[in-house]
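A look at the structure
Okay, here's what each chain looks like letter by letter:
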Amino acid sequence: MAEIDLRTVTGGDRPELRDVVQKDLHEDEILVNMGPQHPSTHGVLRVVLRLSGETIVDAYPDIGYLHRGVEKIAEGWTYPQFIPMTDRLDYVAAISNELTYVLGVEKLMGLEVPPRAAYIRVLMAELQRVASHLVWLGAFGGDMGALTVFLYCFREREKILDLFEMATGARLTYSYMRIGGVRNDLPPGFVEKTRDFIKLMRERLKEYDALFTGNRIFEARTKGIGPLSAEWAIALSAAGPTLRGSGVAYDVRRAEPYLVYDKLDFEVPVGKNGDTYDRYICRIKEMHESLKIIEQCLDALPDGEVMAKVPKVIKPPEGEIYAMTEAPRGATGVYIVSNGTGNPYRLHWRAPTFANLQLIPDTVRGFKIADAVMIMGSFDVVLGEVDR
Amino acid sequence: MLSWVNVAIFLIAGVVVVAVGLGMAWLLRPSYPDPKKLDPYECGEVPFGDAQVRFNIRYYIFALIFVVFDIESVFIYPWAVLFRQLGVFGFFEMLVFLVILVVGLVYAWKKKVLEWV
Amino acid sequence: MSADTWELIKVEADKYLETMKSLKKDGLDYLSDLTAVDWKDKGIIEVVVHLAAVNPGTDPRTGFGRHVRVKTEIERDRPSLDSVTPIWPGANWYEREVWDLFGVDFPGHPDLRRIMTPEGFTGHPLRKDFVDQRQKRERVPHTR
Amino acid sequence: MAALADTWQALLDWYFALPTAILVPIAGLLKVLAVFGWIVINVLILIWLERKFSGRLQSRLGPMRVGRPHGWAQTLADTIKLLVKEDIIPRGVDRWLYVIAPAVVFTPALLVWAVVPFTKNWIVSDLNVALIYVAAAGSLAVLGIFMSGWGSNNKWSLLGAMRAAAQIISYEVPSVLSLMGVVMIAGSLSLQGIVAAQHRVWFIFLQPLGFIIYLISTMAELNRTPFDLTEAESELVAGFNTEYSGLRWAFFFLGEYANLLAASAIAATVFLGGWSGPFLPGIVWFVLKTYFFVILIMWIKWTMPRIRIDQMMEVGWKFLIPAALVNIAITGLVLLVV
Amino acid sequence: MNTLEDIYRSSVSFAKGLGVTFKNFLRKPVTLQYPDERPVLPVGYRGIPALLSDKETGKARCTACGICARTCPLGLIKIDSVLGPDKKRILNDYTLEAGRCMVCNLCVESCPFDSLVMANDYELADYDPDKLYFHKDRLVELGRPYEHSDPFHVDEPKKAAAEAKPAGEAKPAGEAKPGPGGEGA
């Protein structure tokens, strides 16, 4: 097969962002780069804003500043080697990523995890959800200038990280899930400590409520801001609380239960208007639900092994798989194509915030800069998984 | 008049403090010039055009309304000081003045001038 | 673990748009994922779309609708496939990503630009024969 | 010992024998120096206090390392750091505006102190139009902020400056109007006169509505959360002072705290009876009341989320100004009836 | 009267918020003054991979099989060995590029001879990047306080005893003697 000139395939004369944003610029409009170095884009997201006064005429998100080529890296690594890499995708919810990936590989291999491992996985994933939502809530408060909430949330998140550290040995990039189970059993004292934490967390959630929910300024800043209709949310592939805030009760834990979620009792909170406030309420309620799930897991935690019998060298049979889980930010998916060797032939990561970022132009149009910050904050963007 | 002398001294002293401070900094600080450092900050990207642009006309309307109300308050101050001497007549006179102003405010309100763009 | 639950539909490139439209009409309103696989040895690029129904539907197990995987094979040398962005607006960035990383052209896409790689980048990194032609940067010597 | 006392007496005699034209400026200068010392020390304390206080509110410790115990020397260390920082004047700035803006922001914060009564006798100059003077001096800072924002050649600064201008002029009106009730009761614009008028009951009790309006609009003029829109770091990066660094930036910062202190002192004087109070000396009362306001404003700052600019304008024009006018009317009616 | 209600509700919510911050003002700060105070690290904390050594001889247990080097996703482990007289490999040097190590634990898990451990040292920064290539001696030194690579290592006799007990009484797994390093670095 002849080498083709890639440049002719690309049609290298596609417009660049700079040309796109400067098209038909009205004379009293200004163009501003918001990001990649901006306090409230939560990473290296760049949004070019077209402003008239302080009102946003249009917004052009630009991503890729954190692109590491993870999907290409995966092709050169063995299946177990990629587990630590998944931690670095959505680094705020590393466990959820690991879970998605190992579920994918297990499905590909037809592997069954022991019940204890399944419960531990759910337990960890839900703890991670609380931790991740706390980061979001804190950052959301920070976007609004309420820096105190930020520190409160991180204070509580530290407790969860302590739990993770106890169980996995690390605080952020856990490398805990293994193909066939989890790396080690829960350490002694973990269950009690988790129960204490749940009690504490429920109290603290009330405090956050007092600071935000019902606060006149908070309501004025969030209610009716960045509304997203259910139809539009579905059409634009929104995910997670952003989708559910618009009233679509789509949760992978319900729609396609994995692990033991079908045995657990929890609710899928949904919003009504799809505005920033609804997305906030959804996440707050999700934290409550997660605490409920964690309690159930602790109660039902069976004895037994935490690792299934797996071959020394993992070589899934030829085939393909698309596994989804409900990560804190929404439905995370991994598409793995195996050609029977020890390395994935192709691995694609479906990141929930990648889809959510597409919503930015449609939701911020017509609002003020301050609103745009809140709206982007309410999508809970983590650029690590967007750019991959 | 003499009491204003102190105020003048204050003003001069304030300027001197700033000047001395900046002068000291000028003597003490290092200088490692680099053209990259002189870029205006626009979140790490190359800025789009110049920042000194035309703004929306509606910003200026705030200033106009402000002038109206600030002058109003200058009128009210002497009245307030002498309120007790002026009595009922003074009170109602000022009330009429305020009502006229409020009518202006309501007009601006209804015309949506008081909305930020 | 349960096996793959996604229903597989293979379509020809020229029937792709038509099939997608009818699938959307069937209630598969949520485009979960759109990506591609480069089969260099076979000389094709396979575009893989995962569709789901988010509204409660007919699946007896979960009460949700069906999940469908649509696969289309296109030529590797002149990869081009109709865009589904007019059907699912959410496909916009996914198609841009496939364009950027595989070089698949999507006629009908409103704004097909590179998304991950920087401005002025040439080549499509996720192709199996991609070679990074950029200059290797020297490791900056350590200074204190 | 006696000789020393004699010398002192002689010095005083000589001093008071000087002609008035020389005497007044010298006395003024001494007073000014004393007040300057007070401001500088207090601003240093305030910056440290805010960091410690906000730290405790947030379950943190705040500065602990520089100067033990409790990092008392942190502000000094920061000052030195800012002093020896490289100065960068970005490309394309309006040089004159850019350079003098910090001075224009900082100086008015000092000017207010010319009329604040520390005790019965301790006042730099008891102007008979003190309240108007305070309002005038307080609103000068907006000029500096606008100069910095426009001069910086930075879009975030420009937006911050536009906000600052609109915000401060919008809240100037209610803050001035809210003091009118006090003036009507006291019948004087002099701060000493207002303190004297409160010897029986503080104006906070006679003018609760006026007090609340004053507090809100003062916080807005001080650019403190929930009204810190001109800086609004999550929206405008750092607003008008985005392009500033080193000592130029420090003057904005110092000006902010000097303003906070001044506004608290004015509030304490006008609404809490200033230096007057039983048992303790006047200066102690004055400091206590001033710091009460300082802490209150900090507490609110570290609790509230930030309001949006259009909501802020709405609150100012559609709520505070009408409320202040109503307050004047009510005060007038009550005074006429009583 | 909507406005009045609004004002009332706002005031109540503001007062509630101020109350929360005040409550937190009274709480003890959670700050850990790091270099003065140190965190208590849990058992199994992952600091850096280190070599376990034999208690008696003090020599590294590593047999230079090279599985860890193959497992490492980033390929940071280099093993330098020679073939000994009895056809056994003798470890000359074992190099870990600590500056890039992401402490994923995969090397420790892969080791078939229980000779790697995650030491919980974390203050390993250096001014010179070249010093971040940890060699055998340093790694052995780091691994000195540890006996097993598995932090929740159950002593064999104890494990047997636990299994001998009736099934109903069996404690949930994880009731193990705290491994080495629990005391903190």
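Residues numbered from 1 in each chain as written. Chains lettered and ligands numbered in written order. Predicted model: local features only at pLDDT ≥ 70, side-chain atom pairs only at ≥ 80, totals over all residues. Heavy atoms only, no water.

1. Some thoughts on the overall build of chain D
- On a plain count of helices and strands, chain D comes out with 14 helices and zero strands.
- Along chain D, from the amino end to the carboxyl end, the secondary structure elements read α-α-α-α-α-α-α-α-α-α-α-α-α-α.
- Against the 2.2 N^0.38 benchmark of 20 Å for 338 residues, chain D shows a C-alpha radius of gyration of 21 Å, consistent with a compact globule.
- Dimensions of chain D, computed from the C-alpha atoms along their principal axes, are close to 65 × 60 × 45 Å.
- Looking at chain D alone, contacts between residues at least 24 apart form 75% of all its contacts between residues at least 6 apart.
- Summed over all atoms, the accessible surface of chain D reaches about 12,200 Å², with 74% contributed by carbon and sulfur.
- Here chain D contributes 22 positive and 18 negative side-chain charges, whose respective centroids are spaced 7 Å apart. (Helix = DSSP H or I, 4+ residues; strand = E, 2+ residues; numbered from the N terminus. Rg over C-alpha atoms; globule rule 2.2 N^0.38 Å. Contact = heavy atoms within 4.5 Å. Areas by Shrake-Rupley, 256 points an atom, 1.4 Å probe, with all protein chains shown as cover. Lys, Arg positive; Asp, Glu negative; His and termini not counted. Charge placed at Lys NZ, Arg CZ, Asp CG, Glu CD.)

2. Notes on the overall build of chain E
- The helix and strand tally for chain E stands at five helices and five strands.
- Carbon and sulfur atoms provide 57% of the accessible area of chain E, an area that totals close to 11,000 Å².

3. Looking at the packing of helix α8 (residues 190-211) of chain A against helix α13 (residues 276-300) of chain A
Residue and element names in this part refer to chain A.
- Contact geometry for α8 and α13: axes closest at 10 Å, N-to-C directions at 160°. With respect to each other, α8 and α13 are oriented roughly antiparallel. When the axes of α8 and α13 are compared, the crossing they make is left-handed. Between α8, through Val191, Thr194, Arg195, Phe197, Ile198, Met201, Arg202, Leu205, Tyr208 and Asp209, and α13, the contact on the second element is made entirely by Tyr280, Ile284, Met287, His288, Leu291, Lys292, Ile294, Glu295, Leu298 and Asp299.
- Taken together, the residues of the contact of α8 with α13 sort by class into 12 nonpolar, two polar and six charged. (Axes fitted to C-alpha atoms, helices over the stretch in contact; angles between N-to-C directions. Parallel < 35°, antiparallel > 145°, perpendicular 65-115°, else oblique. Left-handed = near helix turned anticlockwise from the far one by under 90°. Nonpolar A, V, L, I, M, F, W, Y, C, P; charged D, E, K, R; others polar.)

4. Some points on the pattern of salt bridges
All names here are of chain A.
- On inspection of all chains with the given rule, the structure shows 54 salt bridges over all chains.
- Residue Arg116 pairs with Asp185 through a salt bridge whose shortest N-O separation is 2.9 Å. With Arg116 in helix α6 (residues 115-143) and Asp185 in the loop between β5 (181-182) and α8, this residue pair connects regions lying 69 residues apart in the sequence.
- Asp299 is the salt-bridge partner of Arg195, the closest N and O atoms lying 2.9 Å from each other. Residue Arg195 is located in helix α8, and its partner Asp299 is located in helix α13; the two are separated by 104 residues in the primary sequence.
- The exposure class of Arg195 is partly exposed, given its relative accessible area of 34%.
- Given a relative accessible area of 58%, Asp299 falls into the exposed group.
- Within this structure, Glu126, Arg129, Arg244, Asp251, Arg253, Glu286 and Glu326 form a network of salt bridges that share partners. (Salt bridge = Lys/Arg side-chain N within 4 Å of Asp/Glu carboxyl O. Buried < 20%, exposed > 50% of the residue type's maximum accessible area, 1.4 Å probe, protein only.)

5. Digging into the pairing of strand β6 (residues 319-327) of chain A
Residues and elements named next belong to chain A.
- Burial of β6 is extensive: eight of the nine residues sit out of reach of the surface.
- Here β6 runs beside strand β7 (residues 330-338); their pairing, made up of nine bridges, is antiparallel. Residue pairing for β7: Glu320 is matched across the bridge by Val337.
- Hairpin connection of β6 to β7: two residues between the antiparallel strands. (Pairing = 2+ DSSP bridges.)

6. What about the interface of chain B and chain A?
- Taken together, the contacts link 14 residues of chain B with 21 residues of chain A.
- The contact between chain B and chain A buries some 1,400 Å² in all, and 53% of this surface belongs to carbon and sulfur atoms.
- Seen at the junction of chain B and chain A, the total is zero residue pairs in polar contact (both at pLDDT 80 or more).
- Of the residues in the side of chain B that touches chain A, the class split is nine nonpolar, two polar and three charged. (Buried area = accessible area lost by both parts, 1.4 Å probe. Polar contact = N/O pair within 3.5 Å; in protein donor to acceptor, adjacent residues only side chain to side chain.)

7. Here we look at the arrangement of the chains
- By contact count, the leading pair among the seven pairs of chains in contact is chains B and D.
- One finds no contact between chain C and chain D; the C-alpha atoms of the two approach each other to within 19 Å at their closest.
- A gap remains between chain B and chain E, which never touch, and the nearest two C-alpha atoms on either side lie 17 Å apart.

8. Comments concerning the sheet that holds strand β3 (residues 89-97) of chain E
All names here are of chain E.
- Strands sit in the order β2-β3-β5 across an open sheet of three strands; the sheet is antiparallel. For this open sheet the edge positions go to β2 (77-83) and β5 (133-134), each flanked by a neighbour on one side alone.
- Note: β2 against β3, seven bridges, orientation antiparallel. Within β3, the position partnered with Asp80 by the bridge is Asp93.
- Relative to the sheet, helix α4 (residues 136-143) contacts β3 and β5, its axis offset from that of β3 by approximately 80°.

9. Points about a nonpolar patch on the surface
- Together, Leu11(B), Ile12(B), Val15(B), Val16(B), Val20(B), Met24(B), Trp26(B), Leu27(B), Leu28(B), Ile80(D) and Val84(D) make up an exposed nonpolar region whose accessible area comes to about 1,100 Å².
- If one sorts the elements of the nonpolar patch by residue count, helix α1 (residues 2-28) of chain B sits on top with nine residues.
- Within the fold, Ile12(B) resides in helix α1. (Patch = residues over 30% accessible without salt bridge, like charges linked within 9 Å, V, L, I, M, F, W, Y side chains within 5 Å.)

10. Digging into the interface of chain B and chain D
- Contacts between the two partners involve 66 residues from chain B, matched on the other side by 76 residues from chain D.
- Regarding the contact of chain B and chain D, the summed buried area is about 6,500 Å², with carbon and sulfur atoms giving 77% of it.
- Where chain B touches chain D, the interface holds one salt bridge.
- Arg29(B) is paired through a salt bridge with Asp87(D); the nearest N and O atoms lie 3.8 Å apart.
- Linking chain B with chain D are two residue pairs in polar contact (both at pLDDT 80 or more), by the criterion used here.
- Among the secondary structure elements, those contributing two or more residues to the side of chain B that touches chain D are α1, α2 (58-81) and α3 (83-110) of chain B.

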